[in-house]
Amino acid sequence: MDQAVTSTSTSTITHYAVFDIDNVNSSYSEISIPNTNQDAIKKFLIRMSADTRSSNSTRKCSFKNNSYIKTLINDILSSRTPLTSKEKLAEHLAICEAESNTRYSQLNQIKKGSLIIARTIIGDQESILITKIDIEEYFQSSNLALSKGLPKEKGLLKSCLIDIHNNSMANYLTIADSNNKISSYWVNDFIAATFFRDDKQNTETAISLITKALSPISRQSPEDHTQIKQNFFSYLHTAEQYNHDEMIESVIGSYVPVSDKIDTNKIKAKLIGLIDKDKFDGSFEIDTQIVKEKSKMSFKLDNDIVLKINNDVSNIFHKVIDGQPYVLIKTQTGYKTFKELTATSE
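Residues numbered from 1 in each chain as written. Predicted model: local features only at pLDDT ≥ 70, side-chain atom pairs only at ≥ 80, totals over all residues. Heavy atoms only, no water.

Overview of the layout of surface pockets
Computed from the structure, the largest pocket encloses a volume of approximately 1100 Å³. Among the secondary structure elements, those contributing two or more residues to the lining of the largest pocket are strand S13 (306-309) and strand S15 (324-329). Of all the elements, S15 adds the most residues to the lining of the largest pocket, at five residues. Of the residues that constitute the lining of the largest pocket, the class distribution is 12 nonpolar, five polar and three charged. (1 Å grid on protein atoms, 1.4 Å probe; cavity = no way out; pocket = protein on both sides within 12 Å on 5 of 7 lines; lining within 4 Å. Points joined across faces, edges and corners; volume = space filled by probe spheres on them. Helix = DSSP H or I, 4+ residues; strand = E, 2+ residues; numbered from the N terminus. Nonpolar A, V, L, I, M, F, W, Y, C, P; charged D, E, K, R; others polar.)

Shown next as structure tokens:
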């Protein structure tokens, strides 16, 4: 049976249910949590809901017209019986995972997990949380008591948060996945949702907003700006799937500025804040053609010389020789086209 949990002044888990999902036999079984663990479960589910909402690696979606989950959620909202459709939700996930495992038997099989369905109220926002967890990461198998030090991020496999307004679903839902790429079966088969933004739109907007956010660095240190921007496009060229947190770590995580005027913590905070604007998703497949077009850079030099770069600036340097500033390019080809520099000193 679904279980009610006491509330605090700002957060409430009104009801929840936990199911073990057998994705081999398309079956499920409900897990009963001991009463002694109710407070810990409450905190756990509130954290799961908050993490899904605040994660920088989520995607906004809307239900497809034929979504079975949408129908079941509407049943829950219209029924006097709390979580009336919980068994059908668990059965649907078990069937979707088993069918996906059969369809893609040559690939890695879907990791076994447990399904949690919960009605939450955090602050003024009521929501329904549907999340899949690795139960062994969270519960002691002997007595189903919550393990210490929870929640563990690696145990949260997939999540879906549906906001409720006036007992009706919002026109959007938030989906998260522990994988960089949201699993097809989770979004297409189980939830049956469509992404608000496609990969091209996400890629274009992310590049536009991030390069704009980095632009002020050029006024303090042009060299740092060029290198940080280079780091950003290098990430886009090498990562197939965009993950906002991983991007920030790749671009600025271990970067040591040339100028002491550059505060990397402020840059990180600025980049993290971009997700709050809700202009692009925190996770999407990178459109390589857009990256190729947007990563081109040009630099105006003296005598109407314009240096055009497709992407990499790592072999371009500046140096003062005999009191004169130079731009130096390290290359194995093309250098003999130009006259040799004779310097009296280095």
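Thoughts on the packing of aromatic side chains
Enumeration over the complete set of coordinates arrives at seven aromatic pairs. Summarising the aromatic geometry, the rings of Tyr-185 and Trp-186 are spaced 6.5 Å apart at their centres and angled 80 degrees between planes, so their arrangement reads as edge-to-face. Judged by relative accessible area, which is 5%, Tyr-185 ranks as buried. On the numbers, 6.3 Å between centres and 80 degrees between planes, the contact of Tyr-242 with Phe-280 is edge-to-face. Of the two residues, Tyr-242 sits in strand S10 (residues 241-243) while Phe-280 sits in the loop between helix H10 (264-273) and strand S11 (283-285), which places them 38 residues apart along the sequence. (Phe/Tyr/Trp six-rings, centres within 6.5 Å; stacked < 30°, edge-to-face > 60°. Buried < 20%, exposed > 50% of the residue type's maximum accessible area, 1.4 Å probe, protein only.)

A look at the packing of helix H8 (residues 222-238) against helix H9 (residues 244-253)
Running from N to C, H8 and H9 point in directions that differ by 140 degrees, and their axes come no closer than 8 Å. Judged by the angle between their axes, H8 and H9 are oblique. In this structure, the crossing between H8 and H9 has a hand that is right-handed. Packed against H8, whose contacting residues are Ile-228, Asn-231, Phe-232 and Tyr-235, the element H9 presents Glu-246, Met-247, Ser-250, Val-251 and Ile-252 at the interface. In the contact of H8 with H9, the residues fall into six nonpolar, two polar and one charged. (Axes fitted to C-alpha atoms, helices over the stretch in contact; angles between N-to-C directions. Parallel < 35°, antiparallel > 145°, perpendicular 65-115°, else oblique. Left-handed = near helix turned anticlockwise from the far one by under 90°. Contact = heavy atoms within 4.5 Å.)

Digging into the pairing of S13
Side-chain alternation along S13 places Leu-307 and Ile-309 on a buried face and Val-306 and Lys-308 on a face that remains uncovered. With four bridges joining them, strand S12 (residues 297-300) and S13 adopt antiparallel strand pairing. Each bridged residue has a counterpart across the sheet, and for Phe-299 the counterpart in S13 is Leu-307. Taking the residues that link successive antiparallel strands as the turn, the S12-S13 hairpin has five residues, and the phi of Asn-303 there is positive, at about 55 degrees. (Pairing = 2+ DSSP bridges.)

So, the environment of Lys-42
Secondary-structure assignment places Lys-42 in helix H1 (residues 38-54). Assessed through its relative accessible area of 5%, Lys-42 is described here as buried. Counting along the chain gives 32 residues from Lys-42 to Thr-10, while the straight-line C-alpha distance between them is 12 Å.

Describing a nonpolar patch on the surface
A cluster of nonpolar side chains, Leu-301, Ile-305, Val-327 and Ile-329, forms an exposed patch at the surface whose accessible area comes to about 320 Å². You can see Ile-329 is positioned in strand S15. (Patch = residues over 30% accessible without salt bridge, like charges linked within 9 Å, V, L, I, M, F, W, Y side chains within 5 Å. Areas by Shrake-Rupley, 256 points an atom, 1.4 Å probe, with all protein chains shown as cover. Salt bridge = Lys/Arg side-chain N within 4 Å of Asp/Glu carboxyl O.)

Section: the side chain of Arg-119
Among the secondary structure elements, Arg-119 is positioned in strand S4 (residues 114-122). With relative accessibility at 13%, the residue Arg-119 sits in the buried group.

With respect to the pattern of salt bridges
Using the criterion set out here, one finds 14 salt bridges in the structure. Among the salt bridges present, the one from Glu-30 reaches Lys-86, with a minimum N-O distance of 3.2 Å. You can see Glu-30 sitting in strand S2 (residues 27-31) and its partner Lys-86 sitting in helix H3 (residues 86-103), a full 56 residues away along the chain. The exposure class assigned to Glu-30 is partly exposed, which follows from its relative accessible area of 30%. Among the residues examined, Lys-86 registers a relative accessible area of 5% and is labelled buried. A salt bridge links Asp-278 to Arg-197; its shortest N-O distance comes to 3.1 Å. A residue pair is termed long-range when its members are at least 10 positions apart, and Asp-278 in the loop between H10 and S11 and Arg-197 in the loop between strand S9 (193-195) and helix H6 (199-214) qualify at 81 residues. A network of salt bridges, in which partner residues are shared, links Arg-59, Lys-60, Arg-197, Asp-199, Asp-278 and Asp-281.

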